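Here is what each chain is made of, one letter per residue.
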2 protein chains.
Amino acid sequence: MTQQQFEGLKQLRLLLEENPSGLSDFLRDQHPADLAEWLEELGDEQRVKVFNHLDAETAALVMGELDTDTQAGIVGDLGRERAGDIIEEMDPDDAADLLAELTPEEQGQLLGELQAEDAADVRELLEHEPDTAGGIMTTDYITVQEHMTAQAAIDHLRRVGPEAETLYYVYVVDAAEHLAGVISLRDLIVARPETPVQDIMRTKVVSVRADQDQEEVARAVSKYDLLAIPVVDGENRLVGMVTVDDVLDVIEAEATEDALRMSAVTPDEEDPSGTDFGAGIWRLAKPRLPWLVALLFLELASGKVIDHFQTAFNPATLALLTIFITTMAGEAGNAATQALAVVVRSLATGEIAVGDVLRVVWRELRVGLTVGVIAGVVLAGLTLVWQGNWYLALTVGVAIAVNIIVAKILGAFFPIVITRLGYDPAVASGPLITSITDVTSMLTYFGVASFVLRI
Amino acid sequence: MTQQQFEGLKQLRLLLEENPSGLSDFLRDQHPADLAEWLEELGDEQRVKVFNHLDAETAALVMGELDTDTQAGIVGDLGRERAGDIIEEMDPDDAADLLAELTPEEQGQLLGELQAEDAADVRELLEHEPDTAGGIMTTDYITVQEHMTAQAAIDHLRRVGPEAETLYYVYVVDAAEHLAGVISLRDLIVARPETPVQDIMRTKVVSVRADQDQEEVARAVSKYDLLAIPVVDGENRLVGMVTVDDVLDVIEAEATEDALRMSAVTPDEEDPSGTDFGAGIWRLAKPRLPWLVALLFLELASGKVIDHFQTAFNPATLALLTIFITTMAGEAGNAATQALAVVVRSLATGEIAVGDVLRVVWRELRVGLTVGVIAGVVLAGLTLVWQGNWYLALTVGVAIAVNIIVAKILGAFFPIVITRLGYDPAVASGPLITSITDVTSMLTYFGVASFVLRI
């Protein structure tokens, strides 16, 4: 929150407590996005008070910017009729997102408050999976028929009286609602009035299918620099439109989700960002606990490796080797995490494809060799100075080089394999790969130690 | 690349090798963004061949979509005059990004090829830091004067003949170019012709200063659902506009940078994504090596801790304790990485502020307690089954619980401290925090072991 916004929140709090009559004037001057940000900081009672001072249209805009959790709470407190009025004014996609949070019974009641046509739109949107094109699209788009003249199209637009923001893409459909082209208001205005729309429209339209993943939608909008993308069904019939502001939200949410997954925090359905600081401790612990416990078993496997090798060394040698266990395991984990991050991001941005596996692994092998040999020389030198033991220095130097190479390959290979298996590469988390390299590094370390110390 | 795009690339390759005369027809039908994607896959010679078959306008669009590295290579091969023609047609912000890649001498030569006005625009853009509002803005925006009538404004727009895409926000300025308001084409058309623009414009305009960080620009555009945001200088004079498609690129680039930093890969200036698969091995190793070597020292500190404690235990006990070193260090690292990711993302999305440090640490303490106790019970149980040793089970159970709590607090505290110190919280990488928790976990582990095993 900027200083200015913080001042606004302070003023809102003051008005709520001491001067409710000044509230309406204050609220009228604020941007709905700011109001939404402030409302998240207030208590339930104060939120409802603010909503009671907003007209339905502004309330709808504010509602659209709130977390779905907060929305559901407010709707519960407002009463059915008032809530219905506000939802009626909301963008259909926002309304559907809100209703998806409620019980089927509450959904039914609120849908009953809407006009039949709006209710049908929302009902249709509710059918789609939330993380698909259908789940984030709106039904608030403008179409004209391809056989209309430019003049008829302009008259039609004037009649439906759209928001300025939806006018930059007017989609052209045929009689059966198939997407045929796209045209801008400007093209219509400069065309001769009697020209049929189909003669001036652009017929190359990038579109997405309703069941496509929201990440693919975001990628298409980003790649082709679009302000909105039409959504079609399996028969190329236009069913909706995803606007760029929703794409921004998708990209941000996916970045958060990826960052959390890569750190072994499983995003929660109700709190996908895992960052809801108002949530109870259990809800915060739940996305983390399964991984911590699962990785415990993996860590015990590396303990088993140590256990296995212990009898092969005399106590004095073992004590020396033990000193470097965290160094071996730690650096292998670090090297693997680096490779993993580079490959996961390259997959996410489309820079590399799953088919590039050999190329990527070959590259990481060479990077690992470069970095590993340097780290090996550094560690061997340090060990020699510290412990004055040539055998030990040689052992840890060689072992860390091999470790880093193996870790780089594993770190690069792993997300690609996971993608091949059909999972999100971001589940190949840093903690998972470091726990795996803990096992491989102990194998390598004690293997090299057995070999070198017995020469 | 989708199947369809892959087919396109295949066809392009075929035409380049066997039927160059069919090239122009093929190229005319393709989207510039697709062409750019394919060009990244081709060799230098073939790229130039493609560019020679494109008209300047299409070539400019394709150029704008290419990596700056690739752009610089092509410009070098095309010859000054042809390159100048293409740059002339590019959006000023894209042109400036391209020229920023070249030597001052090449820059001067190419600027000489441009019309004086365009060259001045680009020169001005080149003055700004690349990751600020000024660095990503374009000078291709539309303004009208506040005292103009609606009719005069429309006439003016018709005269400058803007692209449809720049028409949704017409910025209103006063005589001294101060940003006074914003208006849409639609508002102008529905207004009575003689109404002055200042009577119908919106005066509440969200703007950014040219020197503001690009992340703040992205946050404002995303929060207020804008298609473009005006950029002003220190005196509120309009100097540019950042469009949402550039904001999408910023968000994607920042997500990649954060993911890499969080994995201890320092993004390179020339290859910020660290994912340029064509780059030499050294350039790929360089962003990773300094961290790996620096963390080596930290890992040796945890070795020093082990070394220090070794004399306190008899060889048999030490051998038992050694088995669990990777488990202690590994789980502490995992727990810290989780907390770190949640806090870094919360800071990035603005969900928490730096001032929330106490609240966040208190929360992580409780999460750590919940998760730590459960992990402790599980580990103690497993150890009892595996080793049949009550003392050992108690030691590792208590030690891992304490470890996890400490790690959670460190993981949460660390990025906040780094932000306080003025750095990007994403430099608080997983590898860095796990190397730190390697040290603390060894202290805790052997500390608890000394205590419990001597009871």
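Conventions and cut-offs
Residues numbered from 1 in each chain as written. Chains lettered and ligands numbered in written order. Predicted model: local features only at pLDDT ≥ 70, side-chain atom pairs only at ≥ 80, totals over all residues. Helix = DSSP H or I, 4+ residues; strand = E, 2+ residues; numbered from the N terminus. Buried ≥ 20, exposed ≤ 12 C-beta atoms within 10 Å, placed from the backbone. Contact = placed C-beta atoms within 7 Å. Core = buried A, V, L, I, M, F, W, Y, C linked by C-beta atoms within 7 Å. Axes fitted to C-alpha atoms, helices over the stretch in contact; angles between N-to-C directions. Left-handed = near helix turned anticlockwise from the far one by under 90°. Nonpolar A, V, L, I, M, F, W, Y, C, P; charged D, E, K, R; others polar. Pairing = 2+ DSSP bridges. Least-squares fit on C-alpha atoms with pLDDT ≥ 70 in both. Domains from an automatic or database assignment. Parallel < 35°, antiparallel > 145°, perpendicular 65-115°, else oblique.

A count of helical and extended segments in chain A gives 23 helices and 6 strands. For the C-alpha atoms alone, the extent of chain A along its principal axes is close to 90 × 60 × 40 Å. Here chain A, with 455 residues, has 47% of them falling under the buried criterion. Once local pairs closer than 6 in sequence are excluded, the contacts in chain A between residues at least 24 apart make up 70%.

Membership of the largest hydrophobic core comes to 211 residues, with the highest contact counts inside it found for Val242(A) and Val242(B). If you look at the next biggest cluster of nonpolar residues, it comprises 30 residues, including Val50(B), Ile87(B), Ala96(B) and Leu99(B).

With that out of the way, let us pick up the packing of helix α20 (residues 325-348) of chain A against helix α21 (residues 357-387) of chain A. All names here are of chain A. Orientation of α20 relative to α21, taken along the N-to-C sense of each, is 145°, at an axis distance of 12 Å. Pair α20 / α21 crosses with right-handed handedness. Judged by residue contacts, Glu331, Ala335, Ala339 and Val343 of α20 engage Val360, Glu364, Gly368, Val371 and Ala375 from α21. Residues belonging to the contact of α20 with α21 are distributed by class as follows: 6 nonpolar, 1 polar and 2 charged.

Residues and elements named next belong to chain A. Ordered in space as β1-β2-β3, the 3 strands form an open sheet in which the pairing is mixed. The open sheet is flanked by β1 (143-145) and β3 (179-183), the only strands paired with a single partner. Neighbour-to-neighbour, the strand axes of this sheet turn through a mean angle of 35°, independent of strand direction. Strand direction decides the pairing type here: strand β2 (residues 170-173) and β3, joined by 4 bridges, are antiparallel.

With that settled, consider the relation of the copies chain B and chain A. Once turned by 180° and shifted 0.0 Å along the axis, chain B lies on chain A with an RMSD of 0.2 Å. Such a combination of turn and shift is consistent with a two-fold rotation axis. A shared binding surface is used by both copies, with 100% of the interface residues of chain B retained as interface residues in chain A.

The subject of this paragraph is the sheet that holds strand β6 (residues 238-243) of chain A. Residues and elements named next belong to chain A. Pairing within the open sheet is mixed, and its 3 strands lie in the order β4-β5-β6. Edge positions in the sheet fall to β4 (208-209) and β6, since each has one partner strand and no second. By the bridge criterion, 2 bridges tie β4 to strand β5 (residues 228-232) in an arrangement that is parallel. Bridge assignment links valine 208 to a residue of β5, and that residue is valine 231. In this fold helix α16 (residues 244-261) packs onto β5 and β6, with an angle of close to 65° to the strand it touches most, β6.

Let us now look at the domain arrangement of chain A. What the domain assignment reports for chain A is domain 1 (3-127), domain 2 (143-249) and domain 3 (285-453). For domain 1 of chain A versus domain 3 of chain A, the distance between C-alpha centres works out to 51 Å.

On to the environment of Ile416(B), then. Residues and elements named next belong to chain B. Following the sequence through the fold, isoleucine 416 ends up in helix α22 (residues 390-420). In this structure, the C-alpha to C-alpha distance between isoleucine 416 and tryptophan 390, residues 26 residues apart in sequence, is 40 Å. Those residues within four positions of isoleucine 416 in sequence are excluded, and the remaining contacts are Val343, Val354, Val357 and Val360.

One non-glycine residue, Glu177(A), adopts positive backbone phi at about 70°. On the secondary structure map, Glu177(A) appears in the loop between β2 and β3. Positive phi values are uncommon outside glycine, yet Asp225(B) reaches one of about 50°.

What follows covers the pairing of β2(A). Summarising the sheet, β1(A) and β2(A) pair through 3 bridges and their orientation is parallel. Its bridge partner lying in β2(A), Thr143(A) is registered against Tyr171(A).

With that out of the way, let us pick up the environment of Val62(A). Residues and elements named next belong to chain A. As for its placement among the helices and strands, valine 62 is situated in helix α5 (residues 56-65). Accessibility expressed as a C-beta count within 10 Å gives 28 for valine 62, which makes it buried. As for valine 62 and glutamate 37, which are separated by 25 residues in sequence, their C-alpha atoms are 9.1 Å apart. In this structure, valine 62 is in contact with Pro32, Leu35, Ala36, Leu39 and Leu54, ignoring residues within four places of it in sequence.

A pair of packed helices is captured by two measures, namely the crossing angle of their axes and the spacing between those axes. Residues and elements named next belong to chain B. At a minimum axis separation of 8 Å, helix α3 (residues 32-39) and helix α5 (residues 56-65) run at an interaxial angle of 60°. Judged on the interaxial angle alone, α5 and α3 are oblique. Between α3 and α5 lies a crossing whose hand is right-handed. Residue-level contacts link Pro32, Ala33, Leu35, Ala36 and Leu39 of α3 to Thr58, Leu61, Val62 and Glu65 of α5. A breakdown of the residues in the contact of α3 with α5 according to their chemical character gives 7 nonpolar, 1 polar and 1 charged.

In this complex, chain B contributes 91 residues to the contact, which on the side of chain A involves 92 residues. The leading source of residues in the side of chain B that touches chain A is helix α20 (residues 325-348) of chain B, at 16 residues.

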